[in-house]
Amino acid sequence: MATVYLIRHGQASFGKANYDQLSKTGWEQGRALGRWLAGKVAPDAIFGGDLERHRETVEAIATGFGSALPDMQVVPGFNEFDHNEVVTRFRPAWSDRAVMARDLQAFPKPARAFQEAFVQAVRRWASGEHDHEYDETWPAFKARVLQAFDDMIEFADGGDVLVATSGGPISVICQHLLGLDDPRALALNEVIANTSVSRVLYSGPRRSLSVFNNYSHLEAEDPALVTFR
């Protein structure tokens, strides 16, 4: 059976003007993954969303890998949902970044405070009770991710592939493969580490999740590299 390696992007730049760029830690996470993959995986193709953090994660992996990798083929269906919209529909005042920063600074741990708000915002989005407020609903998001996944496997035609994507799409794919309900899928999204690897085995129509959220490559090099946001 062939393998799809679903890779969550490296740590992005939370709190910076351009969140979509990898942080210094995110770049090192990608290089560590590349070093871990070298000698173990020879991908026939690489796919990713069109977000900057997806592209930079592949660049970091290639640096650590040490030899030529296929060029990344851009598939927008692997993009994350619009987290800015999801958050600001939950907390409209946070459309002003200065207000969000001020509110979060009132907490002893601003990053944790944001994460708690983010979880609530995503649950609101996925509840189906406010679909009219969002440009992309939770069902629409799931449908486009799964379509991208199906199209990618058909294109791969039995080869091993890497997919640089985000926690949301990985959760949706795992939900589909395991038959999970929405609350369990959202719970998966909360624990997917940056540059973790989830493996899907496939052969024709058969698809099975064999590994979820493996980040042993980070723990082996430096446990401080393990991040979840």
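Rules of the game
- Residues numbered from 1 in each chain as written.
- Predicted model: local features only at pLDDT ≥ 70, side-chain atom pairs only at ≥ 80, totals over all residues.
- Heavy atoms only, no water.
- Axes fitted to C-alpha atoms, helices over the stretch in contact; angles between N-to-C directions.
- Helix = DSSP H or I, 4+ residues; strand = E, 2+ residues; numbered from the N terminus.
- Parallel < 35°, antiparallel > 145°, perpendicular 65-115°, else oblique.
- Contact = heavy atoms within 4.5 Å.
- Nonpolar A, V, L, I, M, F, W, Y, C, P; charged D, E, K, R; others polar.
- Core = buried A, V, L, I, M, F, W, Y, C linked by side-chain atoms within 4.5 Å.
- Buried < 20%, exposed > 50% of the residue type's maximum accessible area, 1.4 Å probe, protein only.
- Phe/Tyr/Trp six-rings, centres within 6.5 Å; stacked < 30°, edge-to-face > 60°.
- Expected span 1.5 Å × (residues − 1).

Some remarks on the packing of helix α6 (residues 138–156) against helix α7 (residues 167–178)
Part 1: Close contact between α6 and α7 brings their axes to 9 Å; oriented N to C, the two are set at 80°. Our classification of the angle between α6 and α7 gives roughly perpendicular. On α7, the residues touching W138, F141, K142, V145, L146 and F149 of α6 are G168, P169, V172, I173, Q175 and H176.
Part 2: Here the residues of the contact of α6 with α7 sort into eight nonpolar, three polar and one charged.

Points about the nonpolar core
One broad trend across soluble globular proteins is that nonpolar side chains are buried collectively.
Part 1: Core analysis: the largest hydrophobic core is formed by 42 residues, its most contacted members being V4, F78 and M152.
Part 2: Those residues in contact with M152 that lie beyond four places of it in its chain are V4, F47, F78, V161 and V163.
Part 3: With 13 residues, the next largest nonpolar core counts Y5, I46, F65 and L162 among its residues.

A look at the packing of aromatic side chains
Part 1: Under the defined criterion, the tally for this structure stands at ten aromatic pairs.
Part 2: Ring geometry for W94 and F114: centres 6.4 Å apart, planes at 15°, overall stacked. Of this pair, W94 sits in the loop between α3 (83–90) and α4 (97–105) while F114 sits in helix α5 (residues 110–126), and the two are 20 residues apart along the sequence.
Part 3: Relative accessible area serves as the criterion here: at 5%, W94 is assigned to the buried category.
Part 4: Relative to W138, the ring of W125 has its centre 5.4 Å away and its plane inclined at 80°; by these criteria the two rings are edge-to-face. Here W125 is found in helix α5, whereas its partner W138 is found in helix α6, with 13 residues between them in sequence.
Part 5: Given a relative accessible area of 5%, W138 falls into the buried group.
Part 6: Here the aromatic residues F81, W94, F114, F118, W125, W138 and F141 are joined through ring pairs into a cluster of three or more.

Quick word on helix α1 (residues 24–37)
Part 1: In this model, α1 (14 residues) spans 20 Å end to end at C-alpha, consistent with the 20 Å of a helix rising 1.5 Å per residue.
Part 2: G26, Q29, G30, A32, L33, G34 and L37 are the residues of α1 that are buried.
Part 3: Where α1 is buried, its residues contact β1 (2–8), α2 (52–65), β4 (161–165), β5 (197–203) and α9 (216–221).
Part 4: Once α1 ends, the next one or two residues include G39, with phi positive near 85°.

Re α7
Since the α-helix turns once every 3.6 residues, residues separated by three or four places project in the same direction.
Part 1: Look at α7: 16 Å from first C-alpha to last across twelve residues, which is about the 16 Å you get at 1.5 Å a residue.
Part 2: Those residues of α7 lying buried are G167, G168, P169, I170, S171, V172, I173, C174 and Q175.
Part 3: Where α7 ends, the next residue or the one after it, G179, has phi of about 70°, a positive value.

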